[in-house]
Amino acid sequence: METPTPILFQCSHRTQGNSNAAVATFLSGIRAEGGEGFVYNLKKQDFKFCRACSMCEKDSKSRCALAGKDYLPDVFADMMQAPFLFFAAPIYFYHLPSRLKTMIDRSQVIYARKMKGDPEIVNLPRRPAYVSLFAGRTEGDKLFDGALLTLKYFLESFNFEIVDPL
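Just so it is clear, the model here is predicted, and its values are computed rather than measured. (Residues numbered from 1 in each chain as written. Predicted model: local features only at pLDDT ≥ 70, side-chain atom pairs only at ≥ 80, totals over all residues. Heavy atoms only, no water.)

S.K.: What is the right way to read the overall build of the protein from this model?
M.R.: In terms of helices and strands, the protein carries 7 helices and 5 strands. Reading the protein from its N terminus to its C terminus gives the helix and strand order β-α-β-α-α-β-α-α-α-β-α-β. Taken against the 2.2 N^0.38 rule, which gives 15 Å for 166 residues, the C-alpha radius of gyration of the protein at 16 Å falls within 12% of a compact globule. On the principal axes, the C-alpha backbone points of the protein span a range of 45 × 40 × 30 Å. (Helix = DSSP H or I, 4+ residues; strand = E, 2+ residues; numbered from the N terminus. Rg over C-alpha atoms; globule rule 2.2 N^0.38 Å.)

Next comes the structure, spelled out in structure tokens:
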């Protein structure tokens, strides 16, 4: 991505679900204001899962052992440049879909860089993240709490803050 572009994450495993409709609606709002956005459809992406090898924590430059083996470093680089993010995801068993959770786990490399004081990460401006979560259940104690907490700390590594629902 050359210019800072909002990034929208369609996180459902389903092709034509509520998450797809939410991303399309959010993107149409951006376009109505003369903007553009880039959509990552996680269902269509192929990326590796974190091996928990701790290389990113041990290596002085926080390199990921999987760098160059998939596109996630590019996604993370795009996220660092984005003025805001949007996530649309269903809730499965009180949590996020596996593809999104795998991406979050792989962001350990960004967290490691932040903890080491990497200026590229530490000096990122504070930016908003918008979240739209969907559940098939009509009731459930704390149905969205686990997902929102996971997203909060994932996004904190990139210096994003979840905006309260409108």
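There's plenty left to go through after this.
S.K.: Would you mind going over the side chain of Ser19 with me for this structure?
M.R.: Secondary-structure assignment places Ser19 in helix 1 (residues 18-32). Ser19 gets classed as buried once you look at its relative accessible area, which sits at 3%. Apart from the residues within four sequence positions on either side, Ser19 is in contact with Gln10, Ser12, Ala88, Ala89, Pro90 and Phe134. (Buried < 20%, exposed > 50% of the residue type's maximum accessible area, 1.4 Å probe, protein only. Contact = heavy atoms within 4.5 Å.)

S.K.: Could you clarify how one ought to interpret the packing of helix 4 (residues 98-106) against helix 7 (residues 145-156) in this entry?
M.R.: Each packed pair of helices is defined by two parameters, the angle between the axes and the distance between the axes. The interhelical angle for the contact between helix 4 and helix 7, taken along N-to-C directions, is 35°, at an axis separation of 10 Å. Where helix 4 crosses over helix 7, the two elements pack in a sense that is left-handed. Residues Leu100, Lys101, Met103 and Ile104 of helix 4 lie in contact with helix 7, whose contacting residues are Thr150, Leu151 and Phe154. (Axes fitted to C-alpha atoms, helices over the stretch in contact; angles between N-to-C directions. Left-handed = near helix turned anticlockwise from the far one by under 90°.)

S.K.: I'm lost on the packing of aromatic side chains in this one. Help?
M.R.: One pass over the structure, following the stated rule, counts 12 aromatic pairs. Seen from their ring centres, Phe9 and Tyr40 are 5.6 Å apart, and the 15° between their planes marks the pair as stacked. With Phe9 in strand 1 (residues 7-10) and Tyr40 in strand 2 (residues 38-41), this pair connects stretches of sequence that are 31 residues apart. When the ring of Phe26 is compared with that of Phe84, the centres are 6.2 Å apart and the planes differ by 70°; the resulting orientation is edge-to-face. Here Phe84 lies in the loop between helix 3 (72-81) and strand 3 (85-90) and Phe26 lies in helix 1, a separation of 58 residues in the sequence. By way of ring pairs, the aromatic residues Phe9, Phe38, Tyr40, Phe47, Tyr71, Phe76, Phe87, Phe154 and Phe158 are connected into one cluster. The side chain of Arg127 reaches across the aromatic face of Phe160, ending 3.8 Å from its centre. (Phe/Tyr/Trp six-rings, centres within 6.5 Å; stacked < 30°, edge-to-face > 60°. Lys NZ or Arg CZ within 6 Å of the ring centre and 35° of its normal.)

S.K.: Sorry, what's going on with the pattern of salt bridges here?
M.R.: Pairing is possible between side chains of opposite charge, provided their charged atoms come close. In this structure the tally under the stated criterion is 8 salt bridges. The residue Arg106 makes a salt bridge to Asp70 at a minimum N-O spacing of 2.6 Å. With Arg106 in helix 4 and Asp70 in the loop between helix 2 (55-58) and helix 3, this residue pair connects regions lying 36 residues apart in the sequence. Assessed through its relative accessible area of 4%, Arg106 is described here as buried. When the shortest N-O distance is used, the salt bridge between Arg126 and Glu156 registers 3.1 Å. In this pair, Arg126 sits in the loop between helix 6 (119-122) and strand 4 (127-134) while Glu156 sits in helix 7, placing the two residues 30 residues apart along the sequence. Salt bridges here are not isolated pairs; linked through shared partners, they connect Lys114, Arg126, Glu156 and Glu161. (Salt bridge = Lys/Arg side-chain N within 4 Å of Asp/Glu carboxyl O.)

Worth remembering: the numbers are spatial, not functional.
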